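If you want the building blocks of each chain, they are given just below.
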Amino acid sequence: QVQLVESGGGLVQAGESLRLSCAASGLTFSYYAMGWFRQAPGKEREFVSTISRGGGRTYYADYVKGRFTISRDNAKNTVYLQMNGLKPEDTAVYFCAATYTPGDYVVTSSDYNYWGQGTQVTVSS
């Protein structure tokens with residue numbers, strides 16, 4: 001069956017960096033656009049970033065643009081999220097997701113077909 005497994009979360013101080021990874025199995029990875037979402041306590045899940053099937057197109061939410069970078073390695077069935085300049089408001093559980101919805105800029109969570117279990121990112125001030 002399809003599995004998405006995130007890793008790389010942790011506790012950091014404001015201004016520091018983390019790199020999240022999401023390893024996929026059970027699907028033809030290159031057929032899927034990939035996305036990262038996050039959910040803070042008491043808030044709805046929100047879009048962070050997405051990357052096209054070939055990796056050539058990326059899209060970011062305004063609140064992470066210029067600080068986060070999404071990438072993928074189709075040979076390793078893995079998508080990454082490099083997070084620099086972390087802020088306390090970035091504290092959340094981060095989820096990766098896969099979608100076969102056509103198009104390169106899929107930003108709606110309901111359009112994603114498979115989800116990981118999430119990894120906690122906590123940024124202290």
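Conventions we followed
Residues numbered from 1 in each chain as written. Predicted model: local features only at pLDDT ≥ 70, side-chain atom pairs only at ≥ 80, totals over all residues. Heavy atoms only, no water. Helix = DSSP H or I, 4+ residues; strand = E, 2+ residues; numbered from the N terminus. Buried < 20%, exposed > 50% of the residue type's maximum accessible area, 1.4 Å probe, protein only. Polar contact = N/O pair within 3.5 Å; in protein donor to acceptor, adjacent residues only side chain to side chain. Contact = heavy atoms within 4.5 Å. Patch = residues over 30% accessible without salt bridge, like charges linked within 9 Å, V, L, I, M, F, W, Y side chains within 5 Å. Areas by Shrake-Rupley, 256 points an atom, 1.4 Å probe, with all protein chains shown as cover. Salt bridge = Lys/Arg side-chain N within 4 Å of Asp/Glu carboxyl O. Pairing = 2+ DSSP bridges. Axes fitted to C-alpha atoms, helices over the stretch in contact; angles between N-to-C directions. Phe/Tyr/Trp six-rings, centres within 6.5 Å; stacked < 30°, edge-to-face > 60°. Lys NZ or Arg CZ within 6 Å of the ring centre and 35° of its normal.

Caption draft 1: Here's a closer look at the side chain of Ser 49. Tracing the sequence through the fold places Ser 49 in strand S5 (residues 46-51). The class of Ser 49 is buried, set by a relative accessible area of 0%. Side-chain polar atoms of Ser 49 contact the backbone oxygen of Tyr 59, separated by 3.0 Å. Those residues within four positions of Ser 49 in sequence are excluded, and the remaining contacts are Met 34, Gly 35, Trp 36, Tyr 59, Tyr 60, Ile 70 and Leu 81.

Caption draft 2: Examining a nonpolar patch on the surface more closely. A cluster of nonpolar side chains, Tyr 59, Tyr 105 and Val 107, forms an exposed patch at the surface whose accessible area comes to about 280 Å². Position of Tyr 59 among the secondary structure elements: in strand S6 (residues 58-60). Assessed through its relative accessible area of 38%, Tyr 59 is described here as partly exposed.

Caption draft 3: Structural view of the side chain of Thr 50. Here Thr 50 lies in strand S5. Side-chain polar atoms of Thr 50 contact the backbone oxygen of Met 34, separated by 2.9 Å. Among the polar contacts made by the side chain of Thr 50, one reaches the side chain of Tyr 112 at a distance of 3.1 Å. When neighbours within four sequence positions are excluded, Thr 50 is seen to be in contact with Met 34, Gly 35, Arg 57, Thr 58, Tyr 59, Ile 70, Asp 104, Tyr 105, Val 106 and Tyr 112.

Caption draft 4: Examining the sheet that holds strand S8 (residues 78-83) more closely. Read from one edge to the other, the open sheet built from four strands follows the order S1-S3-S8-S7, with strand pairing classed as antiparallel. The open sheet has two edge strands, strand S1 (3-7) and strand S7 (68-73), and neither has a second partner. Averaged over all pairs of adjacent strands, the angle between strand axes in this sheet comes to 15 degrees, irrespective of strand direction. Here strand S3 (residues 18-25) runs beside S8; their pairing, made up of six bridges, is antiparallel. Bridge pairing links Arg 19 to Gln 82 in S8.

Caption draft 5: The packing of aromatic side chains, seen in detail. According to the stated counting rule, one finds nine aromatic pairs in the structure shown. Ring geometry for Tyr 32 versus Tyr 100: centroids 5.8 Å apart, planes at 70 degrees, classification edge-to-face. Of this pair, Tyr 32 sits in the loop between S3 and strand S4 (33-39) while Tyr 100 sits in the loop between strand S9 (92-99) and strand S10 (114-115); the two residues are 68 residues apart in sequence, bridging distant segments of the chain. Tyr 100 sits in the partly exposed class, given a relative accessible area of 49%. Arranged with centres 6.5 Å apart and planes meeting at 75 degrees, the rings of Phe 95 and Trp 115 form a pair that is edge-to-face. Here the residue Phe 95 occupies a position in strand S9, and Trp 115 occupies one in strand S10, the gap between them amounting to 20 residues. Residue Trp 115 is classed as partly exposed on the basis of its relative accessible area of 27%. Among the aromatic residues, those joined into a ring-pair cluster are Phe 37, Phe 47, Tyr 59, Phe 95, Tyr 105, Tyr 112 and Trp 115. The cationic tip of Arg 45 hangs over the ring face of Phe 95; the distance from NZ or CZ to the ring centre is 3.9 Å.

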